[in-house]
Amino acid sequence: MIELNNQNSPFIHFHQKISFKFDGIKYFGYKGDTIASALFRNGIKLIGRSFKYHRPRGIYTCGIEEPNALVQIISEYSEPNVRATVKKIYEGMEVESQNRWPSLDFDIGSINNVFSPLFSAGFYYKTFMGPHKSFWKKIYEPVIRKAAGLGKPPKEFKAISSHLHHNVDIVIVGGGLNGLLAAVSLLNTNYDVLLIESDNQLGGILNNSSKINEINGKPSQEWIKETIENIENSKNIKILKNTLVTTYNYINHLIAVEDKYVGAKPTEDKVNSTLHKIRTEHVILSNGHIERFLSFQNNDLPGIMLGASFEKYICRYGVIPSKEPVIFSNNSNSNSLVQTLLELNIKPKAYIDSRSGEQIEGQLFDLIRKNDIPLYTNAQVKAAYGNKKLEKIIVEDSSGGTSEIATDFLCVSGGINPDVHLFTQSKGLLDWDEKDLTYKPSTPFQNTITLGSASGQFNLEEVENEINKKLKIFSPNKIKIKIKSSTANEYQIQKLWEVAAHKSSMWSKSFIDLQNDVTTKDIRQAISEGFDRIEHLKRFTTNSMGTDQGKISSINALGIVSDLLDKKVNEVGTTIYRPPYAPLSFAAIAGRNSYEFYDPERKSPIHQWHIKNGAVFEDVGQWKRPWYFPNSKSESMHDAVQRESKNVRENAGVLDGSTLGKIEIKGKDALNFMNLIYTNSFTKMKPGSARYALMLGEDGMVKDDGIICKISDEHFIATTTTGGAANVLACMEEYAQTEWPNLKVYMNSITEQFATFNISGPKTREIMSKVFSEIDFSNEAFPFMTFQFHEFEKTQIRIMRASFTGEMGYEIYVPASSALKIWERIHEYGKEFGLIPYGTETMHLLRAEKGYIIVGQDTDGSITPIDLGLNWMIGKNKIDFLGKRSLTRSDTVRSDRKQLVGIMPTNKEDQIQEGQHILLQETIETPVPMLGHITSSYHSPTMGHTFGLAVIKDGHSLIGTKAFASTSDQKTIPIDIVKPIFYDEKNERLVS
Amino acid sequence: MLVIDCPYCGPRDQSEFSNGGEAHVKRPDGSQDISDREWGEYVFIRSNPKGLFYERWVHSHGCRKWFNCVRDTSTDEILEIYKLDDPQPPLKKFENKIKTPSGEPDVGSGNFTVKK
Amino acid sequence: MKKNYSIFSIARNALSGHKNWPKMWRSPEPREFYDAIIIGGGGHGLGTAYYLAKEHGLKNIALIEKGWLGGGNTGRNTTIIRSNYLWDDSAHLYEHSLKLWENLSQELNYNVMFSQRGVMNLAHNEHDIKEIKRRVSANNLNGIDSEWLSKEEIQKMVPIMNTDNLRYPVLGASFQPRGGVARHDAIAWGFAMRADEMGVDIIQNCEAKQIRTKNGKIEGVETSKGFIRANKIGVVASGHTGVLAETAGVRLPLQSKPLQALVSEPIKPIINTVVMSSAVHAYVSQSDKGELVIGAGTDSYNSFTQRGGFNIIEETIRAMVELYPVFGKMKMLRQWGGIVDICPDASPIISKCDVEGLFFNCGWGTGGFKATPGSANVFAHTIAKNEPHQINAAFNLDRFASGKLVDEHGAAAVAH
Amino acid sequence: MREVIRSNDVEIKTFSTHQIIIRGSGNSEFNNILNKKLKLLPPSDNLRIVSDDNHILAKMSFDQWNLIFLNDNKNFKVQKICEDFNEKASILATNFSDAQVFFQIGGNNTFYTLNKLTHFDFREKNFKAMTAAQTLVARIDCNIYRLENHMLISCNRSFADYFEDRLIDAVNF
């Protein structure tokens, strides 16, 4: 196998052998080989089976544009759809071919090829409907799904990939000849430059072909080495290799993914890919061109590949896929392949050119004559034949006569297209070039400059002045470059998209999209059926919708369609190139923002105490709040909550309320501002007092609630719900700045400065008097809904007398740094009075017994204060507040709106279930009219049965009547509609 | 991701900002005397042009200040940023600045600026 | 003549190399006058034309589309179909649509590939559980199939889902067995083909520029192919509906925002039902071709560019990798965006307006595909009868003045 | 001051310190009050920092200044300063000492490491020494202060554990 190696390729370490397995068989490659180049080294051509017809497929290209060579890497994570032409091999790598059963060589699926006349474009739209519609779900779809898809699903693998943000002035995409020259022109200017190259070698065309042998009198490899040194010593240019730019977003924002494990086995403990997120002022696209193929009968046989790729395997990867290839081309780009072969004294079996003898470059003509290579001009390859590999081709020359050439390899070239994918992503416009028969970038939409073949400038003599002209805006170093090329500089191409079939039959196929098995016949059928708009054609035939996005064939399809419709190509338009340029791994996109870092766990100042005391936590937004405190491993939530509730009613309990929002509002117009934000009026409120307040949206619906403490007319502190904290502050700031800028008022969130302890229960006063011995907690000195500042061991605390449980209680605001000390002190003194910590579930139960609402649970954005029976909270004589006008709109004053009521089961042992609905009829025949739904329901330890709050149509007037509640098993239970309060109706305990 | 030039902090990535919808929508004050329909229009209806749009942004993860901007919603291009108390720039000022977005065919691009 | 499609028609055409399949639709030049013009060639618009011709006998109709049929949101959504909505009005509308979906392939004799593989909405915290259980109860009472799944049942249906060691563990889910996915192009092409057969003029690359009215009545529409007179105009142009309404002096409460989606590379079957999650912000199904179809959230600002920010894609993908660690090694193949027109109450507008003869069908936000046949059916009724059908009565334009909204914020998988 | 991590040419320490957030109009009267109390003239343009041995005073936006006490001070002294400022109706001074946790980051790879967590542009020409900013780091609201030879980052206390883990992770990976 040795003679297939081209030893003078500098990029392959011929002294470092690497073993790998392909479909279970062990082969050897060298360090620097891709899977594809290593397979060629072992003479392997068959690499996979096509998507629909399961036809044998070989390696078609030498890069990211590969349609066929997708393989599965079998390892701990078994990655599917890996491009063999890009992925470098590593020791012990196991590779498997895809989409074939039982084996690559013998694939049952190829039966599809026999029935292929039935599987024409869009056949699945026209069948699979009979004999009964259930057949689709039971029979047809499962079969289709099993046959579809290429690789097998991956196993779980904690791929560590990191993100890295960049802020630069100029990004150069592509480190080939033009990319390097652009970098040289920007050397040591005051622009921060990032040069990004997808390969692990800089040089591009200089490495991939022998077209250019000298630059400024030096061999190109030497010039490259020297240029790289200058760039690396510069202080303003950074190079990123193995990094592929996948997305060019609006306002010059690029996404690129770097493979950190080129040629090595990825492990779970190191970063194996980095997603670069680059903000730049300017982008220079010098990412070169992509060769396109030609359509002829059986142009998909293993052993057929693109000419430039064949040359790239020789120069870049030091492997010669075949000793006597035939070359078939319609353009001058293939000349350098002949040059490369002859330098290794390999003689092509034949050179077939669709152009006439005169049109062929004189220099190529002499080369072919000198080495007496059989030449066919005005000729086209009509068909290729062979069993699972190319054996012979049929050539037709200008006279119409055909001849047969036996060969194992055919290098095809249908011309070259500038790689405009990124340019169109940047929203730049394209223009069709009638001479070079391809789309080229024209007006950019952002600061985008295209250079070299990426801008459709294929002439090496133009390189110098294109760079100096286009980069003038950066006033760069002037470029002087002399390029000695072995082939003609001018790019010539003759129009050729498709060769008519040699033996056309129902089974003859000439492919336009190799990966999705789309033939030129499918395109003609699509147009005859009326799908003549290019986007319709693409969707109906699935042309260029595979993982290669039609990089080597979508322009050909436009050519064929323009001929069929006899319109000019730019009248046919072009399909929109959708990001990403090449498939981008989910792990790279997620970066470190997944798994354990998906979202922060916000902790209260005494979080560790909760953990030590066995709290079970609940997620409330990003906060972790104690849900309940089981007294043993086995205690269920229900039992714990019943125990905690009973204890608060009989002794005392304390809840960590630090997560609730706390906002400080101060300024000359603070009172006026608070009156505008909340429904209540705070004008007559005495300083030092507190009031429960509601905040509405402009639509009049309840948005948040909280307690407002008035320090003075110019200084308030407001609490909000945990979930609403950020929105309330944001809403206050919005209205203060945009609606009422004349009001002198400032607001700051102090949520995190203070811990909040809500202590309540009949024995609270005794406990508090022990904890804060010098404060007078008597009713006279400390009435309900008032607050006082006190100094406790040199820290300022605030105590407010308020309660959400219905028991007599206080809210203690303590600076976070002394929270633990005071919390433990409360427990230390409270023990003797039976004080226990309780969680959010108990708080929900106790507040429901008092009929207090929870915003977001008893309200869902469609409930007004009047619906909740909270008319008393609306400042009657206030001229304006948020949402006031909505309260008098026709639908909001409707009497039969949903109103808050209490619900009791008629027979006590029935279970009221949260989320169920209230009905007027006992038996359910759907659709049954619903009065409303149960917003909260709990089992009350004091009442001994379940109860609930509900919002039902015309609820207030239904209090005292009976109805039914649905249950989760579609039955109903009889219920009594009562006032929404079940405990201490006259609030005596609150003010005791 | 857009780049937005906050009038107080300078150019920043769009992830630091929150969008506030249409600008220059005056909230009816002491609003008892207007009809349900007019109030409904204030609460629910904002203009939605394909083209030049007066828009509000707030630097919610920065200085937390609100400001206005003129943006072309057919291309996302930000044409001008101005403070709340700066005067509203007239539409005429931006007429010739609109670039056609790529990919949309001339015919059928629906890309015309809606005159108020 | 009536086209019929079956395995036999495929076999017959195979003999002649598939050269003489009939044309799906004509591409006529616009006539001078039509009884009704539908503006917008997506699934909703083409369906409206179909039902106007089929159920209301209006034959002199035109449908004009500025680009190509199905090129707007119809070709850009994640094809999810379900009817488990909270409020009665929405539930009846989407259920009406789901029932039409269930026979659509047979009715159009064009396979829309409606795959009823069930739709799951995950709960990740106590608040989610309460909200979802309420919706399941409301669904059942409205006669819609909807059940509550425990974590174990979820794991049995979606073994690759990581329910426990993630930041917001999966606590349960609602499941609608009759929900699923369908082929988006097929419904647009199926409706277009059958409407064309019944004489509807379907005119592509014909952009509506200005709707002309005279003293409160429709005159016609100025298009890129000249002025066309009409008695009635139905605007169903999703993101652009607001723009066109302004030309007729009607202000709609719509905001047009980018909504993005993406597909992965095709792999063998790995997930066989549709899974949606609002707290963890992502929804996924696997197409019959093997590609994971993943929906993201809307961008925060108005835009008609059909492009959104990469941050939105990041949000969705990191939720995906969290919920399905197996997806770490999957690759995103294509990403794109549509323009969704969002109403303040996240419910659609299928309604007349003050201008006589002018009708609007819009406001579908992130949930329009599932409503395609149902919306078209009731919109055709509204246009033909000049009165809304009982099903779309609640989705009128003046609900925003009265305040009688249908607030479906919770329902959409994506919080607005 | 507790050391969080020192490797890959990055050194991160965490500490809590006293801090007051001052809101006001920024007119001459306001500046005199601050200058009299702190012996520091508040910076006039946005995001500038002035400091002496004991304090850092940064103007965060047109009506907000952050005052950070460098050496440890007694609680009541800071509380007193707060109360004095609050006497004026036109000034809101909020004691923020317990609300935030600080991280000091130094070493050559400081910006490289931070740029794994934030899009912020740390380049000299856009973020000189003695400049402050409010932005997102690891998707959490932070104040960042670029001093002469190291960076200070503060975030709300409830995020502190998560933020510290993210910093360590960014240094290691």
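Residues numbered from 1 in each chain as written. Chains lettered and ligands numbered in written order. Predicted model: local features only at pLDDT ≥ 70, side-chain atom pairs only at ≥ 80, totals over all residues. Heavy atoms only, no water.

A. Structural context of the overall build of chain D. Check the secondary structure of chain D and you find four helices and 11 strands. Over its C-alpha atoms chain D spans a radius of gyration of 16 Å, differing by no more than 12% from the 16 Å that the globule rule assigns to 173 residues. Taking all 173 residues of chain D together, the buried fraction comes to 62%. For chain D, the proportion of contacts with a sequence separation of at least 24, taken over those separated by at least 6, is 57%. With an accessible surface of roughly 6900 Å², chain D has 49% of that area assigned to carbon and sulfur atoms. Both charge centroids of chain D, one from 21 positive and one from 21 negative side chains, sit 3 Å from each other. (Helix = DSSP H or I, 4+ residues; strand = E, 2+ residues; numbered from the N terminus. Rg over C-alpha atoms; globule rule 2.2 N^0.38 Å. Buried < 20%, exposed > 50% of the residue type's maximum accessible area, 1.4 Å probe, protein only. Contact = heavy atoms within 4.5 Å. Areas by Shrake-Rupley, 256 points an atom, 1.4 Å probe, with all protein chains shown as cover. Lys, Arg positive; Asp, Glu negative; His and termini not counted. Charge placed at Lys NZ, Arg CZ, Asp CG, Glu CD.)

B. Structural detail: the domain arrangement of chain D. All names here are of chain D. Per the domain assignment, the segments making up chain D are domain 1 (2-15 + 99-172) and domain 2 (19-95). Relative placement of domain 1 and domain 2: their C-alpha centres are 23 Å apart. Carbon and sulfur atoms supply 64% of the area that domain 1 and domain 2 bury against each other, a total of about 1000 Å² over both sides. In this structure, the connection of domain 1 to domain 2 is made through zero salt bridges. Inspection of the domain 1/domain 2 interface yields six residue pairs in polar contact (both at pLDDT 80 or more). (Domains from an automatic or database assignment. Buried area = accessible area lost by both parts, 1.4 Å probe. Salt bridge = Lys/Arg side-chain N within 4 Å of Asp/Glu carboxyl O. Polar contact = N/O pair within 3.5 Å; in protein donor to acceptor, adjacent residues only side chain to side chain.)

C. Up close: the sheet that holds strand β19 (residues 304-306) of chain A. Residue and element names in this part refer to chain A. Overall, parallel pairing links the five strands, which are arranged β19-β26-β20-β21-β22 in an open sheet. Here the strands that pair on one side only, and so sit at the sheet edges, are β19 and β22 (375-376). Summarising the sheet, strand β21 (residues 350-353) and β22 pair through two bridges and their orientation is parallel. Within the sheet, the bridge partner assigned to Ile 352 lies in β22 and is Tyr 376. (Pairing = 2+ DSSP bridges.)

D. Examining the packing of helix α3 (residues 88-108) of chain C against helix α6 (residues 184-197) of chain C more closely. Residue and element names in this part refer to chain C. One way to put it is that α3 packs onto α6 with a least axis distance of 10 Å and a crossing angle of 45°. One element, α3, and the other, α6, form an angle in the oblique class. In the packing of α3 onto α6, the handedness of the crossing is left-handed. Every residue of α6 that contacts α3 at Trp 101, Leu 104 and Leu 108 is listed here: Ile 187, Gly 190, Phe 191, Met 193 and Arg 194. For the contact of α3 with α6, a count of residues per class yields six nonpolar, one polar and one charged. (Axes fitted to C-alpha atoms, helices over the stretch in contact; angles between N-to-C directions. Parallel < 35°, antiparallel > 145°, perpendicular 65-115°, else oblique. Left-handed = near helix turned anticlockwise from the far one by under 90°. Nonpolar A, V, L, I, M, F, W, Y, C, P; charged D, E, K, R; others polar.)

E. Region of the structure containing the interface of chain A and chain C. At the interface, 110 residues of chain A touch 102 residues of chain C. Along the contact surface separating chain A from chain C lie nine salt bridges. Across the pair A:Glu914 and C:Lys130 runs a salt bridge whose closest N-O atoms are separated by 3.2 Å. The interface formed by chain A and chain C includes 54 residue pairs in polar contact (both at pLDDT 80 or more). Examining the composition of the side of chain A that touches chain C, we find that seven residues originate from one element, helix α3 (residues 134-147) of chain A, more than from any other.

F. Looking closely at helix α1 (residues 28-38) of chain D. Residue and element names in this part refer to chain D. When we look at burial in α1, the residues that qualify are Phe 30, Asn 31, Ile 33, Leu 34 and Leu 38. Seen end-on, α1 carries its buried residues on one side only, within an arc spanning 160°. The exposed residues of α1 that point more than 90 degrees off its buried face are Ser 28 and Lys 36. In the core, the buried residues of α1 are packed alongside β3 (19-23), β5 (55-61), β6 (64-69) and α2 (75-86). (Arc of directions from axis to C-beta.)

G. Spatial organisation of the interface of chain A and chain B. Chain A puts 33 residues into the contact, and the matching count from chain B is 34 residues. Regarding the contact of chain A and chain B, the summed buried area is about 2800 Å², with carbon and sulfur atoms giving 47% of it. Counting the contacts that link chain A with chain B gives 15 residue pairs in polar contact (both at pLDDT 80 or more). The greatest single-element share of the side of chain A that touches chain B, amounting to eight residues, is contributed by helix α20 (residues 725-739) of chain A. Residue classes in the side of chain A that touches chain B are distributed as 12 nonpolar, 10 polar and 11 charged.

H. Structural detail: the pairing of β5(D). Residues and elements named next belong to chain D. The buried fraction of β5 is high, at seven of seven residues. Across three bridges, strand β4 (residues 49-51) lies against β5 in antiparallel orientation. When the sheet's bridge partners are listed, Val 50 is paired in β5 with Leu 57. Between β4 and the antiparallel strand that follows it, β5, lie three residues. Here six bridges tie β5 to β6, and the two strands are oriented antiparallel to one another. Across the sheet, residue His 55 finds its bridge partner in β6, namely Phe 69. The turn linking β5 back onto β6 is made up of two residues.

I. View of the packing of aromatic side chains. Using the criterion set out here, one finds 68 aromatic pairs over all chains in the structure. Aromatic side chains A:Phe782 and A:Tyr810 sit 5.4 Å apart centroid to centroid with 70° between the ring planes, which places their arrangement in the edge-to-face category. A residue pair is termed long-range when its members are at least 10 positions apart, and A:Phe782 in the loop between α21 (764-771) and β44 (787-792) and A:Tyr810 in strand β46 (residues 809-815) qualify at 28 residues. A:Tyr810 carries the same exposure label as A:Phe782, and that label is buried. Positioned above the aromatic ring of C:Trp21 is the side chain of A:Lys126, whose terminal nitrogen or guanidinium carbon lies 3.9 Å from the ring centre. (Phe/Tyr/Trp six-rings, centres within 6.5 Å; stacked < 30°, edge-to-face > 60°. Lys NZ or Arg CZ within 6 Å of the ring centre and 35° of its normal.)

J. Quick peek at the pairing of β46(A). Residue and element names in this part refer to chain A. In terms of burial, β46 is largely enclosed, as seven of its seven residues are buried. Here β46 shows two buried faces, one formed by Gly 809, Glu 811, Tyr 813 and Pro 815 and the other by Tyr 810, Ile 812 and Val 814. Pairing between strand β43 (residues 754-760) and β46: seven bridges, direction antiparallel. By the bridge assignment, Ser 760 is partnered in β46 with Gly 809. Of the pairings in the sheet, the one linking strand β45 (residues 795-800) to β46 comprises three bridges and is antiparallel in character. In the sheet register, Arg 798 faces β46, and the bridge partner there is Tyr 813.

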